[in-house]
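Architecture at a glance
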Amino acid sequence: RSLTMEKRDFSEISDTCKWESPDYEPWFPVSEKSNPLTRDIDKSSPNHIVRLLAACDAQMFQKDTGTSYQRLFSDSVVLTMLEVARTVEQILRDPEDSLVVLSGCGTSGRLAFLMASCFNRALRDRQQNTVYCYIIAGGDRALLTSQEASEDDPKLGMLTLEKLCEGKRRVLFIGISCGLSAPFVAGQLDFCLKHPDIYTPVLVGFNPVTQAREETMPGYSLTFREVVQRMEEQRGQRAFIINPAVGPEAISGSSRMKGGSATKILLETILAAAHTAAFTNTHVTRRVLLDMMRGYERVYSVTYSHSDQIATLLQTAGLSLQCGGRVCYLSWGSLGLVGLIDASECIPTFGADYEDIRGFISGGYQDMDNIEGDLTSLGSQFCIAHEDFVSLVLPTLSDRDTVLLLYTCHDDVGDVEKMVHRVREKTSNLHSLYHGLEGDTAVDSIGLLCSSVLNITWPSSSTVHMQWELSSKLVLNAVSTGSHVLKGKIYRNHMVDLQVTNSKLYHRAIHILQKMSGVSLTQCEEALLKAIYHVEQLPEDITSAGVTTHTLTASRRNRVVPLALVCLLIGCSLSEAESRLESHPVVRDAVEACLTSSQHLTSSAGDQNSTNH
Ligand code: F6P
């Protein structure tokens, strides 16, 4: 191996642990830090992007390194998981008037839905009553689209939980907030603490409790951190906190990635272990939990052992996005939900149009089994069945578009084959991700019709379908993130063109502006407000308004952060910034051009000064 390769490997190893140092971006919680591994992801090739994502994902499974951070496999984490699993086990043994509620915002709420559906299905298969419920901020439409504003409402969270649990005798409430930050979830946790006779709260997130959000919440007297402190006082008896650190996200703050994967790993481990214990008349043990988590670690390794094929998919999807084409995930079974979730996240994460990356699930809402049922009437964005794909997308499909099939050996291969033939009439840009079982001897007639095939073979187990889901999640996260990187949406490892639709995103935007421009936070906030309200001067009624008013206005505007950034870098008016952005439609190019010209301005000002002196 060449010396440069070895140098790079060495620097990757030291970058892996760098974020743990107390001096590394100390003002940010782990979930908002930028990952040292991915600082050049925006300039990487598809193969290198996959390698960087694999290195970031590996941080989830990193063992305790003796720093102050707890990790997935830390004794304290596993012990709390054990206690929560035993509580679920008790509910399963005596389910009368009891509920296990999973709740969250954005991806966390979508995963709450995925897991509640999966474990209710497992109960139905055993002819048992279902006990799982999900809550997602913004209701079922948030499963498919971005409804970020509800995340900021602690009272709404609390009222939704209270209504759902009316008349229940016992409720295990699992609130998921990767950043320990969502007011919607904080309101619910606080409500549980106030009603300990019925509710036992569990918080799942990936920051230490000392990094829980400190900002005040609208209409609420407590901060997230204060709610967590109250939970700490009850910890281990009436309240549980599961919060290992999994390292910063590959794209800063994008908790849909590792945050989502780790949520799935932790909660599925707890729930699956509780099911096994309750239905085999044993008890959950630490060992069972550890074995399951190690199983997920193998899922990670097996999946990324196919890095070359993942890179091919990412490159193809990137090309489609670059030339205005679309990427469609056509999935069967529970992989359909994974596809829908990944696609829906691209809208808030990358400011993508819903048609850029879109998911379709074979049986549509019948397969979804969501509380509010068929949402098709809400608009084309909510048309998610394969028949919708056939009527809405197929007629205009071309080689510019990428179609990715996701299916397993448990699905109706005949149905997959029919779809393949229909798609092939329109495009040869067809790819497949297939999960099979060892000993599976079926002839791969579908693969023969695809331009690329990613076949993964797994040993048989009772939880293999959850492993397929995680594996597919890793692949799709890589495809959607990588393709947007290739499209130029990311600068270094920051999503600069983020939508400023809630208070967390508002503060993230200000910090990105500060990092890129080097000016004070106050100046950055002013620039952001000018871009949001489209004014050159800030009148008193804007500066005195609350963040909710700002985010409401921002949700109706595009490219506010890039606009503010150009103003800060060049020191120009909004209209000049707008015309500069128009000449650079790719955000990364716009930022780079401005940085170059601002450096140029600074150095010519410096030259001027030295001449004057
Ligand atoms: O509001 C945006 C967002 O960051 C989503 O992308 C994310 O899924 C959601 O908030 C929830 O975040 P958390 O799990 O940290 O509460």
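Overview of the structure. (Residues numbered from 1 in each chain as written. Predicted model: local features only at pLDDT ≥ 70, side-chain atom pairs only at ≥ 80, totals over all residues. Heavy atoms only, no water.)

So, the site of the ligand
Counted only if it meets this: Residue proximity to a molecule or strand is established when one non-hydrogen atom of the residue lies within 4 Å of it. Between N or O atoms, a polar contact is any pair within 3.5 Å; within protein, one atom must be a potential hydrogen donor and the other a potential acceptor, and residues adjacent in sequence are included only when both atoms are from side chains. We get accessible surface area from the Shrake-Rupley algorithm with a probe of 1.4 Å; when it comes to residues, only the shown protein chains can shield them.
The full set close to the ligand counts 15 residues, and S108, E148, E151, S177 and C178 are the nearest of them. Within the backbone of T107, one N or O atom sits 2.9 Å away from an oxygen atom of the ligand. The protein chains hide 94% of the 400 Å² of surface that the ligand would expose on its own.

Some words on the pattern of salt bridges
Opposite charge on two side chains makes pairing possible when the charged atoms of those side chains draw close. Applied cut-off: When a carboxyl oxygen of Asp or Glu lies within 4 Å of a side-chain nitrogen of Lys or Arg, that pair is called a salt bridge. Each helix is a run of DSSP H or I of at least 4 residues and each strand a run of E of at least 2, with the numbering of both proceeding from the N terminus. Categorising residues by exposure relies on relative accessible area from a 1.4 Å probe, with only protein chains included: less than 20% of the type maximum marks a residue as buried, more than 50% marks it as exposed, and the intermediate range marks it as partly exposed.
Following the criterion strictly, the structure yields 26 salt bridges and no others. Linking R256 and E345 is a salt bridge whose minimum nitrogen-to-oxygen distance equals 2.7 Å. With R256 in the loop between β5 (240–242) and α8 (258–280) and E345 in helix α11 (residues 335–350), the pair connects residues that are 89 residues apart, well separated along the chain. Assigned by exposure class, R256 and E345 land together as buried. Among the charged side chains, a salt-bridge network with shared partners connects D15, K18 and R39.

Overview of the packing of helix α5 (residues 154–164) against helix α6 (residues 183–194)
The criterion, for reference: Axis lines are fitted to C-alpha atoms, over the contacting stretch for helices. Their N-to-C directions set the angle, which ranges from 0 to 180 degrees. Roughly parallel refers to an angle under 35 degrees, roughly antiparallel to one over 145, roughly perpendicular to one between 65 and 115, and oblique to any angle outside these ranges. By the definition used in this description, the sense in which the near helix is turned from the far one sets the handedness, with an anticlockwise turn below a right angle giving left-handed and a clockwise turn giving right-handed. Note on contacts: a residue pair is in contact if any heavy atoms of the two residues lie within 4.5 Å. Throughout, the ten residues Ala, Val, Leu, Ile, Met, Phe, Trp, Tyr, Cys and Pro are labelled nonpolar, Asp, Glu, Lys and Arg are labelled charged, and all others, Gly among them, are labelled polar.
Contact pair α5 / α6: the axes reach a minimum separation of 6 Å and the direction vectors enclose 50°. Accordingly, the angle class assigned to the pair α5 and α6 is oblique. Considering the relative orientation of α5 and α6, their crossing is right-handed. Between α5 and α6, the contacting residues are P154, L156, G157, M158, T160, L161 and E162 on the first element and P183, F184, G187, Q188, F191 and C192 on the second. Residues that form the contact of α5 with α6 fall into these classes: eight nonpolar, four polar and one charged.

Quick notes on the packing of aromatic side chains
Rules: The aromatic pairing rule takes the rings of Phe, Tyr and Trp, using the six-membered ring of Trp, and pairs them if the centres are within 6.5 Å, calling planes under 30 degrees apart stacked, those over 60 edge-to-face and the rest tilted.
Within this structure, the stated rule accounts for ten aromatic pairs. Aromatic side chains F61 and Y300 sit 5.7 Å apart centroid to centroid with 45° between the ring planes, which places their arrangement in the tilted category. With F61 in the loop between α2 (46–58) and α3 (75–93) and Y300 in helix α9 (residues 286–304), this residue pair connects regions lying 239 residues apart in the sequence. Here the two residues F61 and Y300 agree in accessibility, since each one is buried.

Let's talk about α9
This is how it is decided: In a helix, the anticipated span is given by 1.5 Å times the number of residues less one.
Spanning 19 residues, α9 covers 28 Å between terminal C-alpha atoms, matching the ideal 27 Å at 1.5 Å per step. Along its buried surface, α9 packs onto α2, α3, α8, α10 (307–322), β10 (452–458) and α15 (464–486).

A word on α15
Across its 23 residues, α15 extends 33 Å between first and last C-alpha, which sits within 8% of the 33 Å expected from 1.5 Å per residue. For α15, the tally of buried residues reaches 22 of 23 residues, placing the bulk of the element in the interior. Taken from the residues just after α15, G488 is the one with a positive phi, measuring 90°.

Here we look at the environment of E215
Relative to the assigned elements, E215 resides in the loop between β4 (199–204) and α7 (224–234). For E215, a relative accessible area of 27% puts it in the partly exposed group. Linking E215 and S503, residues 288 residues apart in sequence, is a C-alpha distance of 9.4 Å. Every residue in contact with E215, bar those within four places of it in the chain, is listed here: T223, S503 and H507. Here the side chain of E215 touches R213 through a polar contact of 3.1 Å, side chain to side chain. There is a polar contact of 3.3 Å between the side chain of E215 and the side chain of H507.

A word on the environment of Q62
Mapped onto the secondary structure, Q62 falls in the loop between α2 and α3. Considered as a pair, Q62 and S74 are twelve residues apart in the sequence and their alpha carbons are 9.9 Å apart. Setting aside residues no more than four positions away along its own chain, Q62 makes contact with T16, C17, E20 and R71. A distance of 3.2 Å separates polar atoms of two side chains, one belonging to Q62 and the other to E20.

So yeah, pure geometry; function would need other evidence.
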